[in-house]
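Listed here are the chains, written in short residue letters.
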Amino acid sequence: MASVLTCTTPKEGWALVGHFIGNLVPLIGLYGEVGEDEKEEGKNKRERVIYDSWTKLAGNLYMVVRRMKSNGHDEEAAKMQQLLDMVTDFNLTDREVRKAVIDKYEELDAVARGFTEELARLRAEHKLQ
């Protein structure tokens, strides 16, 4: 599997983008929830996990965007840049922002969009929610 240092094709790039968004955005959301009686130590750990995950997400998306540009895939890089901009400009601890990032990813990546459409079709066919 390609990495952020070796990806050269849009297929590899989108697979990495999907991996990072699918793993780190929910993690940020999980740690973004504040407990009612959270102690200082817990708060510090939670904030550290959020910061580290957010930094990892932004850095890896940046690397993928740069790899796409350097390999002549400017259109795909521009799409990925939209996600990077959302990740860096908005507060990912906000549930609506996380949903918007994931929705935008599904809109931009044809494979993710196809998966979402097929899943909806199967749910409708089998009368599932």
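Above this note sits the structure.
Because the structure is predicted, anything quoted here is derived from the model rather than measured. (Residues numbered from 1 in each chain as written. Predicted model: local features only at pLDDT ≥ 70, side-chain atom pairs only at ≥ 80, totals over all residues. Heavy atoms only, no water.)

As enumerated under the stated definition, the model contains 4 salt bridges in all. In this structure, the salt-bridge partner of K79 is E76, at a minimum N-O distance of 3.4 Å. On the criterion of helical spacing, the pair formed by K79 and E76 is a turn pair, its members being 3 residues apart in helix α3 (residues 74–89). Note on K79: relative accessible area 23%, which makes it partly exposed. When its relative accessible area of 16% is taken as the criterion, E76 is described as buried. (Salt bridge = Lys/Arg side-chain N within 4 Å of Asp/Glu carboxyl O. Helix = DSSP H or I, 4+ residues; strand = E, 2+ residues; numbered from the N terminus. Buried < 20%, exposed > 50% of the residue type's maximum accessible area, 1.4 Å probe, protein only.)

What follows covers the packing of helix α2 (residues 40–70) against α3. Two numbers describe how α2 lies on α3: the axes approach to 8 Å, and their chain directions differ by 165°. Between α2 and α3, the crossing angle belongs to the class labelled roughly antiparallel. For α2 against α3, the interelement crossing comes out left-handed. Each of W54, L57, A58, L61, Y62, V64, V65, M68 and K69 in α2 lies in contact with α3, whose residues at this interface are D74, A77, M80, Q81, L83, L84, V87 and T88. Residues belonging to the contact of α2 with α3 are distributed by class as follows: 13 nonpolar, 2 polar and 2 charged. (Axes fitted to C-alpha atoms, helices over the stretch in contact; angles between N-to-C directions. Parallel < 35°, antiparallel > 145°, perpendicular 65-115°, else oblique. Left-handed = near helix turned anticlockwise from the far one by under 90°. Contact = heavy atoms within 4.5 Å. Nonpolar A, V, L, I, M, F, W, Y, C, P; charged D, E, K, R; others polar.)

Let us now look at α2. Over its 31 residues, α2 extends 45 Å from the first C-alpha to the last, a length consistent with the 45 Å expected when each residue adds 1.5 Å. Of all the residues in α2, the buried ones are R46, I50, S53, L57, A58, N60, L61, V64, V65 and M68. Those residues of α2 that are buried are in contact with α1 (10–32) and α3. Of the residues trailing α2, G72 is marked for its positive phi of about 80°. (Expected span 1.5 Å × (residues − 1).)

Bear in mind that shape data such as this cannot, by itself, settle questions of function.
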